[in-house]
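# Structure assessment
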Amino acid sequence: MNLIIESALEKLAPLFSEVDSRALVNQKKVLDAFINNKIAVRHFTPTTGYGYDDVARDTLNKLYADVFGMKQAIVSPLIASGTHALTVALFGLLRPGQTLLYASGAPYDTLENVIFGKKIGSLKDFGINCEIVPLKDGMPDIKAIKRACEKFRPAVVAVQRSRGYEMRPALSVADIENIAETAHCFGAKVMVDNCYGEFTETVEPSAADALVGSLIKNPGGGFAPTGGYICGTESAIEQIEGRFTAPSIGREIGSYAADYRPFYQGFFTAPHTVAQSIKTAMLFSEVFSSLGYETLPKTGERYDDIVCSIKLGDERKLVEFCRAVQSASPIDSFAAPEPWDMPGYNDKVIMAAGAFVSGASIELSCDAPIRPPYVAYIQGGLTFEHGIIALEKCLEAVNVK
């Protein structure tokens, strides 16, 4: 093993112990929910057609709601991605003439056209305005959020928990609760983009009215083959479910002809898998920081998502870094990722994702927009050991012996 990695592992051992302790708390919480909801083999049974009385679907909804501390949930393989889930939630909660306030800076790249696009069925096309409150030193500016709420009286305040393609920290549950407290004072509902944040703390941001995420990220545990979730208050889910299917139908339909087992199994293993991912991100951060690269989070700082940002500062180095991650992947290791015009993004994006589930970023993966300062965003890892092996290849890619 590389001596730099060995030194980093020794330094990080106490921090890894803290990560494992959080995983134990989260694992017990998930296990208790499985026991309390009497999960049985019958809950794996597929359905077809309309899916009326689909006990597997309905019980999975209850399971997510219980674990995330919410009243209701929509958990479905029919949700194609995190962006799809967020779009369903936004269109469900907002009405023409109302205002959406983004309290965590500009929304993630794939949501820009959902919100601001012209003549494509965006929120803007439906007469919904969006205002943005920039972060202050990478953190929510509560005073500015309050002023914006007073001025624009938003119907919905949105918060992005993870960093997206920004060199800033992820937001903690406490950060989100502060935003929610301010927004609720003005009668606004709060929607949280919870992607990459699930199980990084021992609690979820249940002060929100709607928590939204993807099943091929943290909560799918590497098993879920597709899907997304929206957990929330009864009133929020009642608004959203009509947009998920149709206003007169809501959550009453929606079949899945394949096995539901991966969704249950993935959710059960998610606390452990997230811990593996966090330890992988911590190791990448410590090693590259020791080599003089700017990384985020730095050693000893909080991990409120599973992502490590590494500012490589050079396009060629960024591409080679991503190719190294791909070469260490169990699937398509022979492929050489190239920057391309990925749907929903304004810059070319390179993505290394040799995963069992295509595009699953709870599996070890790395992606980046091709724009200065050329930051690699590495996340995931079903096993920490895989992360160590991939790190060795990444060091070779940037010419560190």
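Description of the structure in this document. (Residues numbered from 1 in each chain as written. Predicted model: local features only at pLDDT ≥ 70, side-chain atom pairs only at ≥ 80, totals over all residues. Heavy atoms only, no water.)

## Structural notes on the layout of surface pockets
Reported here for the largest pocket is a volume of approximately 940 Å³. Taken together, 43 residues make up the lining of the largest pocket; nearest its centre are Lys217, Met342, Tyr345, Met351 and Gly359. Looking at the lining of the largest pocket, the elements that each hand over two or more residues are helix H3 (82–93), strand E11 (365–369) and strand E12 (375–379). For the lining of the largest pocket, the element with the most residues is H3, which contributes three residues. (1 Å grid on protein atoms, 1.4 Å probe; cavity = no way out; pocket = protein on both sides within 12 Å on 5 of 7 lines; lining within 4 Å. Points joined across faces, edges and corners; volume = space filled by probe spheres on them. Helix = DSSP H or I, 4+ residues; strand = E, 2+ residues; numbered from the N terminus.)

## With respect to the environment of arginine 323
Relative to the helices and strands, arginine 323 is located in helix H9 (residues 315–327). On the accessibility criterion, arginine 323 (23% relative accessible area) is partly exposed. Sequence-wise, arginine 323 and glycine 164 are 159 residues apart; in three dimensions their C-alpha atoms are separated by 21 Å. Beyond its immediate sequence surroundings of up to four residues, arginine 323 is in contact with Ala336, Pro337 and Glu338. (Buried < 20%, exposed > 50% of the residue type's maximum accessible area, 1.4 Å probe, protein only. Contact = heavy atoms within 4.5 Å.)

## Details of the sheet that holds strand E7 (residues 228–232)
Taking strand neighbours across the sheet as the criterion, the seven strands line up as E1-E7-E6-E5-E4-E2-E3 in an open arrangement whose pairing is mixed. At either margin of the open sheet sits one strand with a lone partner, and together these are strand E1 (72–76) and strand E3 (129–132). Put simply, the sheet's adjacent strands are angled 15 degrees from each other on average, direction ignored. Helix H5 (residues 142–152) contacts strand E2 (99–102), E3 and strand E4 (156–160) of the sheet and is inclined by roughly 175 degrees relative to E2. (Pairing = 2+ DSSP bridges. Axes fitted to C-alpha atoms, helices over the stretch in contact; angles between N-to-C directions.)

## Things to note about the packing of aromatic side chains
Aromatic rings in a pair are described by how distant their centres are and how their planes are angled relative to each other. If you walk through the whole model with that rule in mind, you get 24 aromatic pairs. With centroids separated by 5.8 Å and ring planes inclined at 55 degrees, the aromatic side chains of phenylalanine 44 and tyrosine 264 adopt a geometry described as tilted. Residue phenylalanine 44 is found in the loop between helix H1 (3–36) and helix H2 (55–67), and its partner tyrosine 264 is found in helix H8 (residues 261–290); the two are separated by 220 residues along the sequence. Centroid distance tyrosine 256 to tyrosine 260: 5.5 Å. Interplanar angle 65 degrees. Geometry classified as edge-to-face. With a relative accessible area of 15%, tyrosine 256 lands in the buried category. Pairwise contacts between aromatic rings join Tyr64, Phe68, Phe199, Tyr229 and Phe267 into one cluster. (Phe/Tyr/Trp six-rings, centres within 6.5 Å; stacked < 30°, edge-to-face > 60°.)

## So, H8
Over its 30 residues, H8 extends 43 Å from the first C-alpha to the last, a length consistent with the 44 Å expected when each residue adds 1.5 Å. In the structure, H8 departs most strongly from a straight axis at alanine 270, where the bend amounts to approximately 55 degrees and where the proline proline 271 lies between one and four residues downstream. Extensive coverage of H8 is indicated by the burial of 23 of its 30 residues. (Expected span 1.5 Å × (residues − 1). Bend = angle between axes of the 7 residues up to and from the residue.)

## Some thoughts on the state of the cysteines
Scanning the entire structure with this criterion turns up zero disulfides. Cysteine 130 forms no disulfide, and the closest cysteine sulfur to it belongs to cysteine 149, at a distance of 13 Å. Using a relative accessible area of 11% as the deciding quantity, one classes cysteine 130 as buried. Cysteine cysteine 231 shares no disulfide, and the gap to the nearest cysteine sulfur, in cysteine 195, comes to 12 Å. Of the residues examined, cysteine 231 reaches a relative accessible area of 0% and is grouped as buried. (Disulfide = S-S within 2.5 Å.)

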